[in-house]
Amino acid sequence: LHAFYSELNMPLRAAQKHTIRLVNNSFGEQYCQCHKENALQLSIDMEKELDYLLTPHNVVLAVAACKHSPVDLLTKDFSVIGFNRGWEIYVGGSISPQMKQGELFTVAKHDQDAKELICGLVQYYRETANYLEQVSDWVDRVGLIHIREVLFDDVLRGLLLERLEAEKFAFTGQFVK
């Protein structure tokens, strides 16, 4: 299939229902003059990194240039919000069965740090969540402190990222950097 889709110049998507949804971009264009280029580039990079991945439940990732973005930004499974010193990363937002704001996971100073943390979060969710368990339920079950302990350990995060890359390679036949 990969060769066929390459010839048609079309992206090959996972056939399964539960995947990373396309990264949502939220820009408060009417209300602020924030620089949106970094957020747009981060969302493009994240979509490339997380494409093709199957997940236990549908996952929505949102990226915003600043907090002037729409109110529902923090109700996404993973939310990344730019501010003057880097990126705030929130995890565990939900709109069903009831609306829940995500919790602040960490602050990443650089784009590369944010990408690694988000990819590590997604991979850890993929490896430890139960089938059809939403991200918010997973965070409640596993605990945000435990998730931080795993992702802030450089060795464990590196192993998660290696497994994520190996799975992408197995599916696409090429490493994505």
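About the cut-offs
Residues numbered from 1 in each chain as written. Predicted model: local features only at pLDDT ≥ 70, side-chain atom pairs only at ≥ 80, totals over all residues. Heavy atoms only, no water. Helix = DSSP H or I, 4+ residues; strand = E, 2+ residues; numbered from the N terminus. Buried < 20%, exposed > 50% of the residue type's maximum accessible area, 1.4 Å probe, protein only. Contact = heavy atoms within 4.5 Å. Areas by Shrake-Rupley, 256 points an atom, 1.4 Å probe, with all protein chains shown as cover. Core = buried A, V, L, I, M, F, W, Y, C linked by side-chain atoms within 4.5 Å. Pairing = 2+ DSSP bridges. Patch = residues over 30% accessible without salt bridge, like charges linked within 9 Å, V, L, I, M, F, W, Y side chains within 5 Å. Salt bridge = Lys/Arg side-chain N within 4 Å of Asp/Glu carboxyl O.

Peer 1: For the overall build of the protein chain, give the residues involved together with the corresponding values.
Peer 2: Scanning the protein chain for helices and strands turns up 6 helices and 5 strands. The order of helices and strands in the protein chain, counted from the N terminus, is α-β-α-β-β-β-β-α-α-α-α. Expressed as a percentage of the 177 residues in the protein chain, the buried residues total 47%. Taking the intrachain contacts of the protein chain between residues at least 6 apart in sequence as the baseline, contacts between residues at least 24 apart amount to 57%. As displayed, the protein chain has an accessible area near 10000 Å², and 54% of this comes from carbon and sulfur atoms.

Peer 1: Just give me the short version of the nonpolar core, but keep the residues and values in it.
Peer 2: With 35 residues, the main nonpolar core has L50, F105 and L151 as its most contacted residues. If you tally residues by element for this core, the top one is helix 3 (residues 111-128), at 8 residues. Contacts of L151, omitting those with residues within four sequence positions, involve F105, L117, G120, L121, Y124, R157 and L160. A64, L74, I81 and Y90 belong to the second largest nonpolar core, which has 6 residues in total.

Peer 1: Explain the pairing of strand 3 (residues 78-83) to me, and be specific about the residues and the numbers.
Peer 2: Successive residues of a regular strand alternate their side chains across the two faces of the sheet. The element strand 3 is extensively covered by neighbouring structure, given that 5 of its 6 residues are classed as buried. When strand 2 (residues 61-64) meets strand 3, the two strands line up parallel, connected through 4 bridges. Bridging from a neighbouring strand, V63 pairs with V80 of strand 3. Bridge analysis of strand 3 against strand 4 (residues 86-91) gives 6 bridges, and the strand direction is antiparallel. Among the inter-strand pairings, I81 is bridged to a residue of strand 4, identified as E88. Between the end of strand 3 and the start of strand 4, which pair antiparallel, lie 2 residues.

Peer 1: Lay out a nonpolar patch on the surface in plain terms, naming residues and giving numbers.
Peer 2: On the surface, a nonpolar cluster with roughly 250 Å² of combined accessible area is contributed by V155, L156 and L159. Positionally, V155 belongs in helix 6 (residues 154-172). The class of V155 is exposed, set by a relative accessible area of 59%.

Peer 1: Give a detailed account of the pairing of strand 4, specifying residues and quantitative values.
Peer 2: Burial runs high along strand 4: 6 of the 6 residues are buried. Relative to strand 5 (residues 103-108), strand 4 runs antiparallel, the two sharing 5 bridges. Looking across to strand 5, one finds that Y90 is bridged to L104.

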